[in-house]
Amino acid sequence: MQDESAQASAHIKRLWRLSPGRQRGRPAELDVEQVVRKAIELADRDGLGGATLPKVAEALGFTKMSLYRHVGSKDELCELMGDLAIGPAPEVDEAVGWREALRRWTLTSRRVYGRHPWLAQLPIAGPPVGPNAIGWMDALLRALRETGLGWPAKLGILNLLGGYVRTVSALEQQLAQGRLGSGLDQAQSERDYGTALSPLVEPARFPEAAKLFASSVFRAPAEEGAEDEFGFGLGLILDGIETLIAAEAGIRHGSP
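Quick caveat, the model's predicted, so the values are computed rather than measured.

Participant: Can you tell me about the overall build of the chain, naming the residues and giving the values?
Facilitator: What the chain contains, in helices and strands, is 11 helices and 0 strands. Secondary structure of the chain in N-to-C order comes out as α-α-α-α-α-α-α-α-α-α-α. In the chain, which comprises 256 residues, the share counted as buried stands at 34%. Partitioning the contacts of the chain with sequence separation of at least 6, the portion at a separation of at least 24 is 71%.

Participant: Got a sec to walk through the pattern of salt bridges? Specific residues and values, please.
Facilitator: Where charged atoms of side chains with opposite charge meet at close range, the side chains can pair. Counted under the stated rule, the structure contains 13 salt bridges. Put simply, Glu33 and Arg37 hold a salt bridge, and the shortest N to O gap is 3.0 Å. Placement of both Glu33 and Arg37 in helix α2 (residues 32-46) is noted, with a separation of 4 residues, approximately one turn of the helix. A salt bridge links Asp239 to Arg99, with the shortest nitrogen-to-oxygen separation between them at 2.8 Å.

Participant: So what about the packing of aromatic side chains? Which residues, and what values?
Facilitator: In this description, a pair of aromatic rings is defined by centroid distance and the angle of the planes. Per the stated rule, a full pass over the model turns up 5 aromatic pairs. Ring geometry for Tyr164 versus Phe230: centroids 4.8 Å apart, planes at 25°, classification stacked. In this pair, Tyr164 sits in helix α8 (residues 151-179) while Phe230 sits in helix α11 (residues 226-252), placing the two residues 66 residues apart along the sequence. Residues Tyr164 and Phe230 agree in their burial class; the two are buried. Ring geometry for Phe213 against Phe218: centres 5.2 Å apart, planes inclined by 35°, an arrangement best described as tilted. By way of ring pairs, the aromatic residues Tyr193, Phe213 and Phe218 are connected into one cluster. Sitting over the face of the ring of Phe230, Arg110 holds its NZ or CZ atom 4.3 Å from the ring centroid. Stacked on the ring of Trp151, the Lys or Arg Lys154 has its end atom at 4.6 Å from the ring centre.

Participant: Quick one: what's the story with the environment of Glu229, residue by residue and with numbers?
Facilitator: By the secondary structure assignment, Glu229 is in helix α11. Residue classification places Glu229 among the partly exposed residues on the basis of a relative accessible area of 48%. The spacing of Glu229 and Val168 is 61 residues in sequence and 9.7 Å in space, taken between C-alpha atoms. What Glu229 contacts, discounting residues up to four positions off in sequence, is Tyr164 and Glu190.

Definitions and cut-offs
- Residues numbered from 1 in each chain as written.
- Predicted model: local features only at pLDDT ≥ 70, side-chain atom pairs only at ≥ 80, totals over all residues.
- Heavy atoms only, no water.
- Helix = DSSP H or I, 4+ residues; strand = E, 2+ residues; numbered from the N terminus.
- Buried < 20%, exposed > 50% of the residue type's maximum accessible area, 1.4 Å probe, protein only.
- Contact = heavy atoms within 4.5 Å.
- Salt bridge = Lys/Arg side-chain N within 4 Å of Asp/Glu carboxyl O.
- Phe/Tyr/Trp six-rings, centres within 6.5 Å; stacked < 30°, edge-to-face > 60°.
- Lys NZ or Arg CZ within 6 Å of the ring centre and 35° of its normal.

Quick look at the structure:
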């Protein structure tokens, strides 16, 4: 039990870059920051599979075993990479209101995932632990400070918006992977999809789906792409949060 506690403590220290205490002998030629930054560089270039401990060690000119002095495991490396890659939390301007603040928070998160697509593939082993992750949590909670919502609702909103960004990012990556070698972009792929299925989706068997395929939705111009779809989904989520806030206000004031 004591060993597990010590291991967890070492993991937290590495995430928060706390000093491990007095070290004897020569100064280390390598540190956590170097390892994690190199891993992020490799993941940005080659995907998450390109940031294995052996590949990171080779890129740094060290042995894999030497990395274990600074990173306890592959899972820990992933968590360290995720926290460093998301960067500091965005500034929250509470003067714009909770809805606009949440919208900006979410769109900023989406841009981060765009810079580091592998973030959507990271395993999730538990709640946020690193300093940057806690900073993003705090920013969202500040945006909700005057809404009157309780902590469970606020945490639910944090998970909902964070999960929305991650899910959309992962879906876009999978769709892009599926188009590899076809030479098509997303809009062209959707047009081909509509063209191929339209004759097969008969009104007698699929009445509503047939109307969908007969519409222009799959023939939309390329500029009406993923960003609009993301904004549409985000708007629905914010509408739901607004309804929740209104309901909570009604309960506080005794409205039926």
